[in-house]
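Structural description and commentary
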Amino acid sequence: MDRCFPFLLLLLMGTHGLCQQEEVCSKSVINSCRDCIRSGPYCVWCKQLNFTKAGEQEAARCDTRAQLIKRGCKLDEIISPKNNLTIVKEDPLSLSFSQQEPVQLRPQKINLRLRPGLSTTFSVSFKRVQGYPVDLYYLMDLSYSMKDDLENVKELGQDLFAALKSITEHGQIGFGAFVDKTVLPYTNTNEKKLQKPCDENYQQCQAAFGYRHVLSMTKSEVEFKSKVTEQSISGNLDSPEGSLDAMMQAAVCGDKIGWRNSSTRLIVLTTDAGFHMAGDGKLAGILEPNDEHCHMKNNLYTKSTEMQLQQMIPNSEVGVLSKNSDNVVKLIQDAYHKLSSKVTLTHVNLPANVSVVYTPKCAHAGPAMASEGVCDKVGAGQEISFEVTVTVASCMENTESFTIRPQGIKDTLTVTLSTNCECECEDPKNSNHPHCKGKGRVSCGICSCSEGFVGQFCECSIGDKDEHSLRASCQRNNGTECEGQGDCVCGRCQCHTTESGSSYHGDFCECDDEHCEKSHNKLCGGNGKCNCGKCECFQGYEGSACQCRKSSAGCQTPNNTVCYGRGTCKCDQCECDEGYQRPKCHECLGCPDPCQTKLNCIECLGFDSGPFKKNCGACSKSIYHEMVDQFPITSKQCHQKDTEGCWITFKLEQLVGKDNYKAEILKRRDCPEPPSVTAIIGGSIASVAVIGILLLMLIKLFIYMKDLKEYRKFENEKKKSKWAEADNPLFKNATTTVENPTFTGE
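Counting restarts for each chain, with residues numbered from 1 along the sequence as it is written. In view of the model being predicted, local features appear only for residues whose pLDDT reaches at least 70, and side-chain atom pairs are presented and counted only at 80 or more, with totals across whole chains, interfaces and linings using the full set of residues. Each side-chain value is worked out from all heavy atoms of the structure, with water and hydrogens disregarded.

Each helix and strand in the protein was counted, giving 14 helices and 41 strands. Counting over 746 residues, the protein shows a buried share of 40%. Methods summary: accessible areas were calculated by the Shrake-Rupley approach with a probe of 1.4 Å, and residue burial reflects only the protein chains presented. Within the structure as shown, the protein displays about 43,300 Å² of accessible surface, and the carbon and sulfur contribution to it stands at 49%. Numbering of helices and strands runs from the N terminus; a helix is a DSSP stretch of H or I covering at least four residues, while a strand is a stretch of E covering at least two. Exposure classes here rest on a 1.4 Å probe applied to the protein chains alone. A residue is buried below 20% of its type maximum, exposed above 50%, and partly exposed in between.

Structure (structure tokens):
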């Protein structure tokens, strides 16, 4: 493994004014004191009898303290749950270390009962005692590239103990070593290489391993030197080492390492390479995350090849070692002072709906933050403090808790949380209170009626009806009861008065006479009266705000109509029906083409045919027609095909109104002559005959071509055949000779 720059890692285990917030009560649906208190941190409830006016909803009892007092609510009649802080345990801070457990954080236990949204702040003090014990665990990389450093560390025992004694009289030192995971591709898994992973020329080499605990915490300098001297170098393949696995085991195997309960725990990590991180394990098929438990047997880490570390360890300092590590003692001293002088207060197990802000109070304070508070350059014996602000977002059903602690310090503060979301009104015990007409009891200033009675003062007997059905009759379209502007009394709305002194009106109190459109900064332009949100104009005025005098001069058309009957004249201007265009509503650019929409009526009126033939009178109501030989009017000419396939030519002129036309229809239709049946039949027969003859000729041609191909093939085979001249082996000459006795030879 190539040598990279060596480094040392030391780990420690284990401005503020606020602007006053304006008080605002954002009310939603309020039916009781409990609803009010849960609406916001500054919502309070007035339980004073007769606080609300006649017909006023009880939700008016819910507002900010200032608003309720302004409206006449007495201070002792206001219900406002407050935050409560109880310090359960607050032992004084220790001055110096003795054999007993020192106290460095105060207080130790607090109970908080908070109103949601309302913050509370308390102070936490910290003082590091002088001479506090230190347990230092020296964790060394024994890969091959560290062989020179190992030889030097073997001689550092005396200096290490001297440095530790300069920090505290109660110091101990332990020792451990690591290399890497003993699987490919981190380590050569050949059996011989596992036993001796170093260079062949290097004899003092031990077998590969992940992490080995060598020496538990001891005060003996001799024992430390003896154990370290016994160590030898090992090796691996890749550059990163298994230092994170080693640190995790050193941290969680407290009984084997020998960590004391009352001590500052330090791990000094010396290495010349980086470390494997979460995800690297996939290369070796290691997918299981580290479970943060101790897995050591015979002082060896047994899960090195099965788990990978996922989380980094906080509170660390890095220093660069010299080539032979002879500056390690100074690095340890410097790093310890940096870590111990920086106090970081944070929390664990914080409930989901709880927020915490830390504000440090010290000479070198960090900013106020929600995650932690930091004070730097804090000396031993120096007392500092943090203001801790806790806020609960919503009501909690059960009591919960979380822990505040300085990082690397054993001392903790346990905060137990509950919420204060209920009203403590101290109501009279009389179940038939006179305020409720003797038909109910008083609950936080409002009447809780007995069965069979409803109303603000239980004055309404509902008989065989239930309260829900009575209240439903006061809701328009299942909306808010009496539109939120009245009270439902015995099934009918009793409307409230407006701020100006007038009254809401309507069956559901939905109307008022103050919110109509204005013109020239006057309601209804001063030319009408407002009724239920709409202007009712005086005679001679019109418009949505009665802003215009009645006049139709600007709406007159050349044919002496108003907007051609296709709109209304308002404020001396045409407001056209849908599709028609201003200024006079003469044309409709977006309307369907009348040549098509009126075709069936034109066919019926002009030629007594088409789909409207039996009901042609309906067309006469909208179309005045005339049959002509030619067109005298100069308007759009239509040329459409009717249901009989004939072309009809006609012209339309739109008269006053929307569906009112004058039509001129050309008397003669252009109808195409019907086709000749004889010609169609004759042509069909001739076509079939021609096609049949062509098919026969094609078949004959196909047969001829096939025969010709076979004949040519036969001729070629014939030419290729050869006949040999030879005697038939089966042939025999004749053996009998017959002569004619009468033959003379002449």
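Right, let's talk about helix H9 (residues 328-341) for a bit. Spanning 14 residues, H9 covers 20 Å between terminal C-alpha atoms, matching the ideal 20 Å at 1.5 Å per step. Of all the positions in H9, only Val328, Val329, Leu331, Ile332, Ala335, Tyr336, Leu339, Ser340 and Ser341 are classed as buried. Take the number of residues in a helix, subtract one, and multiply by 1.5 Å to get its expected span.

Once that is clear, we can look at the side chain of Lys154. With respect to the helices and strands, the residue Lys154 is situated in the loop between helix H3 (147-153) and helix H4 (157-167). Looking at Lys154, the relative accessible area reads 10%, which means it is buried. Identification of polar contacts relies on pairs of N or O atoms within 3.5 Å, with a donor-acceptor requirement for protein atoms, meaning one able to donate a hydrogen and the other able to accept it, and with residues adjacent in sequence counted only if both atoms are side-chain atoms. In terms of polar contacts, Lys154 uses its side chain to reach the backbone carbonyl oxygen of Thr229, at 3.4 Å. In terms of polar contacts, Lys154 uses its side chain to reach the backbone carbonyl oxygen of Gln231, at 3.1 Å. What Lys154 contacts, discounting residues up to four positions off in sequence, is Lys225, Val228, Thr229 and Gln231. Here, two residues are considered to be in contact whenever any of their heavy atoms come within 4.5 Å of each other.

Here the focus is the UniProt feature "transmembrane region" (unreviewed entry) in the protein. Here, the residues flagged by UniProt with the feature "transmembrane region" (unreviewed entry) are residues 677-703. In residues 677-703, helix accounts for 100% and strand for 0%; the two terminal C-alpha atoms are 39 Å from one another. UniProt positions are given in the numbering used here, feature names are shortened, and annotations may be inferred rather than shown by experiment.

Any carboxyl oxygen of Asp or Glu within 4 Å of a side-chain nitrogen of Lys or Arg constitutes a salt bridge here. Counted under the stated rule, the structure contains 15 salt bridges. Note that Asp642 is salt-bridged to Arg669, the shortest N-O span being 2.5 Å. With Asp642 in the loop between strand S39 (637-641) and strand S40 (647-654) and Arg669 in the loop between strand S41 (661-666) and helix H14 (677-720), this pair connects stretches of sequence that are 27 residues apart. Relative accessible area serves as the criterion here: at 6%, Asp642 is assigned to the buried category.

Right, let's talk about the state of the cysteines for a bit. A pair of sulfur atoms, both from cysteines and within 2.5 Å, is called a disulfide here. Applying the stated rule across the entire model yields 26 disulfides. The disulfide partner of Cys36 is Cys62, and the gap between their sulfur atoms is 2.1 Å. For the disulfide bridge between Cys36 and Cys62, the dihedral angle about the S-S bond is near 85 degrees, and by the sign convention the bridge is right-handed. Of the two residues, Cys36 sits in helix H1 (residues 33-37) while Cys62 sits in strand S3 (residues 62-63), which places them 26 residues apart along the sequence. The side chain of Cys646 participates in a disulfide bridge whose partner is Cys671; the two sulfur atoms lie 1.9 Å from each other. Around the S-S axis, the bridge from Cys646 to Cys671 shows a dihedral of about 115 degrees and counts as right-handed. Here the residue Cys646 occupies a position in the loop between S39 and S40, and Cys671 occupies one in the loop between S41 and H14, the gap between them amounting to 25 residues. For Cys646, a relative accessible area of 5% puts it in the buried group. Exposure remark for Cys671: the relative accessible area of 40% places this residue in the partly exposed category.

Here, a strand pair is defined by DSSP locating no fewer than two bridges between the strands. One open sheet holds the six strands; their spatial order is S5-S7-S23-S22-S18-S20, and the pairing between them is mixed. Sheet topology places strand S5 (84-89) and strand S20 (372-375) at the edges, where each strand pairs with a single neighbour. Strand-to-strand, the axes of this sheet are offset by a mean angle of 20 degrees, without reference to chain direction. As defined by bridge partners, strand S18 (residues 343-348) adjoins S20 across four bridges and the pair is classed as antiparallel. Looking at the pairing, Thr344 lines up with Val374 of S20. Note on geometry: axes are lines fitted to C-alpha atoms, helical ones only across the stretch in contact, with angles between N-to-C directions running from 0 to 180 degrees.

By convention here, two paired aromatic rings are described through the distance between centres and the angle between planes. A pair of Phe, Tyr and Trp rings is counted when the ring centres sit within 6.5 Å of each other, with Trp represented by its six-membered ring. The angle between the planes then sorts it: under 30 degrees is stacked, over 60 is edge-to-face, the rest tilted. What the rule picks out here adds up to four aromatic pairs. Both rings, one in Tyr138 and one in Phe175, keep their centres 5.9 Å apart while their planes meet at 10 degrees; by these two values the pair is stacked. Of this pair, Tyr138 sits in strand S9 (residues 134-141) while Phe175 sits in strand S10 (residues 171-178), and the two are 37 residues apart along the sequence. For Tyr138, a relative accessible area of 1% corresponds to the buried category.

Okay, the pairing of strand S29 (residues 492-495) next. In this structure, strand S28 (residues 486-489) lies alongside S29, joined through four bridges in antiparallel fashion. Residue Cys488 lies in a different strand from S29, and its bridge partner there is Cys493. Hairpin geometry of S28 and S29 is characterised by an intervening segment of two residues between the two adjacent antiparallel strands and by a positive phi of about 55 degrees at Cys490.

The patch calculation keeps residues exceeding 30% relative accessible area without a salt bridge and links them within 9 Å when they carry like charges or within 5 Å when they are nonpolar (Val, Leu, Ile, Met, Phe, Trp, Tyr). A grouping of Val690, Ile693, Leu694 and Met697 is seen on the molecular surface, where their side chains present a nonpolar patch of about 400 Å² in accessible area. Summarising the element assignment, Met697 is placed in helix H14. Note on Met697: relative accessible area 54%, which makes it exposed.

The subject of this paragraph is the sheet that holds S3. With antiparallel pairing, the three strands of this open sheet are ordered in space as S3-S2-S4. Edge positions in the sheet fall to S3 and strand S4 (78-79), since each has one partner strand and no second. Pairing geometry for strand S2 (residues 44-46) and S3, over two bridges, is antiparallel. By the bridge assignment for S3, Trp45 is matched with Cys62.

Moving on to the environment of Ala380. Topologically, Ala380 is positioned in the loop between S20 and strand S21 (383-392). Residue contacts for Ala380: discarding those within four places in its chain leaves Arg128 and Gln130.

Looking along the chain, the bond that leaves Arg106 and enters Pro107 is cis, with omega of -5 degrees. Here Pro107 lies in the loop between strand S6 (105-106) and strand S7 (109-114). The omega torsion of the bond from Arg582 to Pro583 falls at 15 degrees, within 30 degrees of zero and hence cis. Looking at where Pro583 falls in the secondary structure, it is placed in the loop between strand S37 (573-576) and helix H11 (594-597).

Turning our attention to the packing of H4 against H9. Contact pair H4 / H9: the axes reach a minimum separation of 9 Å and the direction vectors enclose 20 degrees. Regarding the angle of H4 to H9, the classification is roughly parallel. Judged by the sense of rotation from one axis to the other, the crossing of H4 with H9 is right-handed. Packed against H4, whose contacting residues are Asp159, Leu160, Ala163, Ser166 and Ile167, the element H9 presents Val329, Ile332, Gln333 and Tyr336 at the interface. Here the contact of H4 with H9 is built from residues that sort into six nonpolar, two polar and one charged. Just so you know how the angles are binned, under 35 degrees is roughly parallel, over 145 roughly antiparallel, 65 to 115 roughly perpendicular, and the rest oblique. Crossing chirality is assigned from the near helix's rotation relative to the far helix, an anticlockwise turn below a right angle marking it left-handed and a clockwise turn marking it right-handed. Residue classes follow a fixed rule: Ala, Val, Leu, Ile, Met, Phe, Trp, Tyr, Cys and Pro count as nonpolar, while Asp, Glu, Lys and Arg count as charged, and any other residue, Gly among them, counts as polar.

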